[in-house]
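Descriptive structure summary
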Amino acid sequence: MVDVRLICCGFADPVTSIVTNAVLDIKSLQLEALGEKLRELGEPGYRSRQIADWLYKKRVESFEEMTDLPHELRGRLANLFGFDRLAVVRVLGSRDTTRKFLFRLGDGNLIESVLIPASPALYGQKSDRRTICISTQVGCAYGCKFCASGLEGFSRNLRASEIIDQIIVVERESSDKIDNIVFMGMGEPLANFDNVLRATRIINAPWGLGIGARRITVSTSGLAPQIRKLADEPLQIRLAVSLHGATDKVRDQIMPINRRYNLDTLLSACDYYVAHRKQRLTFEYILIEGVNDSDEQAVALVKHARRLTAKVNLIPYNTVEGLPWSRPLRNRQEMFLSILRAEGIAATLRREKGHDIDAACGQLRLQTNREERRQISA
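Report on the accompanying structure. (Residues numbered from 1 in each chain as written. Predicted model: local features only at pLDDT ≥ 70, side-chain atom pairs only at ≥ 80, totals over all residues. Heavy atoms only, no water.)

As a further point, take the overall build of the chain. On a plain count of helices and strands, the chain comes out with 12 helices and 15 strands. Taken over 378 residues, the chain has a buried fraction of 55%. Accessible surface for the chain amounts to roughly 16,200 Å². Of this, 50% is attributable to carbon and sulfur atoms. (Helix = DSSP H or I, 4+ residues; strand = E, 2+ residues; numbered from the N terminus. Buried < 20%, exposed > 50% of the residue type's maximum accessible area, 1.4 Å probe, protein only. Areas by Shrake-Rupley, 256 points an atom, 1.4 Å probe, with all protein chains shown as cover.)

As structure tokens, this is what we get:
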């Protein structure tokens, strides 16, 4: 493990964001909404494009830096809008490997992002693609038993600007151009539906970060109504379903959300998504020793994947301190994969990515929070 910087990456209905700052961040506005605000100020429409260029192309962090705007307008904008800033608390990893970033938000909360370099074993062919796994909430309310994100509960939804800033800051810190986004970090993305969609539109827009919709993947642990809602959205982003169990018995054991939306309900929502979007979805499946790695689970997973013509991404479990789960032995992982492939299912087994830097969701945040509490009580 390389510590690059040390001071600087139950269940519920979808939760409501807690407002932490009355000033709206400028990066939470779509271009059209920004134009409307400017027209209310008596400014011409082209000012919105100028501001977008400063925000997403030149990456400034204050209105004062927007030097082609009139000085009076810069002052008025500063009074109306804010700039969310993510403070880099810690970075683990090195330039040629998976790197985890721990950020502190303006209200003191911590979130994580992970920068993942592509590799032949992960994507099936040679690529120099850079993927970022970003968070959508502080903590998580959905309580998956194997995950560190929810161990300290749920605090709040991230604003659209805080989601976007994870990409901007990681690009700045790493000097890497990110071209693939996965909403698979801390939190349940579809429980923060409006902010995730708002951020995604800005990430995708040519005037924003300009990343193609098909290079953006949103993950869910199984919020069936929101899957249907996402299917009705025109934006052609991809969907990954964190299945992690091929029967209700297994999902009930490790994913409390299954008691609200069981497999039949979830798969029915996936049917709706595939029919409306004409897109192939992905099943994410974390392999946990003695829990969901049996031949029987593999056979059941084949049935679900075939029904939806879904891809399957097998992920050996990243162990979390304080939790009883562990990853299967390598030969068990390979056997599970072979059952899927023998039945014609498009399946991959993820190579080691970040296990040595505790890259699973929420681990670094959990460790840092505990360290800070120990320091305060000492």
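Next comes the rest of the account.
Ile-181 and Phe-283 are the most contacted members of the largest nonpolar core, which totals 112 residues. A per-element tally of this core places helix 5 (residues 160-174) first, with seven residues. Those residues in contact with Ile-181 that sit more than four places away from it in its chain are Ile-132, Ile-134, Ile-167, Ile-203, Ile-211, Arg-215, Ile-216 and Thr-217. Grouped together as the second largest cluster of nonpolar side chains are six residues, Val-114, Val-182, Met-184 and Ala-240 included. (Core = buried A, V, L, I, M, F, W, Y, C linked by side-chain atoms within 4.5 Å. Contact = heavy atoms within 4.5 Å.)

This next bit is on the pattern of salt bridges. Applying the stated criterion across every chain yields a total of 21 salt bridges. Residue Arg-99 is joined to Asp-176 by a salt bridge in which the shortest nitrogen-to-oxygen separation is 2.9 Å. Pair noted here: Arg-99 is in strand 5 (residues 99-104) and Asp-176 is in the loop between helix 5 and strand 10 (180-183), with a separation of 77 residues, a long-range link. Each member of the pair, Arg-99 together with Asp-176, is buried. The salt bridge partner of Asp-271 is Arg-307, with a shortest N-O separation of 2.5 Å. With a gap of 36 residues between them, Asp-271 in helix 9 (residues 263-277) and Arg-307 in helix 10 (residues 295-308) connect regions that are remote in the sequence. (Salt bridge = Lys/Arg side-chain N within 4 Å of Asp/Glu carboxyl O.)

With that settled, consider the side chain of Gln-50. By secondary structure assignment, the location of Gln-50 is in helix 2 (residues 46-57). Relative accessible area serves as the criterion here: at 16%, Gln-50 is assigned to the buried category. A distance of 3.2 Å separates a polar atom in the side chain of Gln-50 from a polar atom in the side chain of Asp-68. If we ignore the near neighbours within four places in the chain, the residues touching Gln-50 are Asp-68 and Leu-69. (Polar contact = N/O pair within 3.5 Å; in protein donor to acceptor, adjacent residues only side chain to side chain.)

What follows is about helix 7 (residues 224-231). Regarding helix 7, the residues found buried are Ala-224, Gln-226, Ile-227, Leu-230 and Ala-231. Seen along its axis, helix 7 keeps its buried residues to an arc of 160°; they face one direction. Residues of helix 7 that are buried make contact with helix 6 (193-204), strand 11 (216-220), strand 12 (238-242) and helix 9. (Arc of directions from axis to C-beta.)

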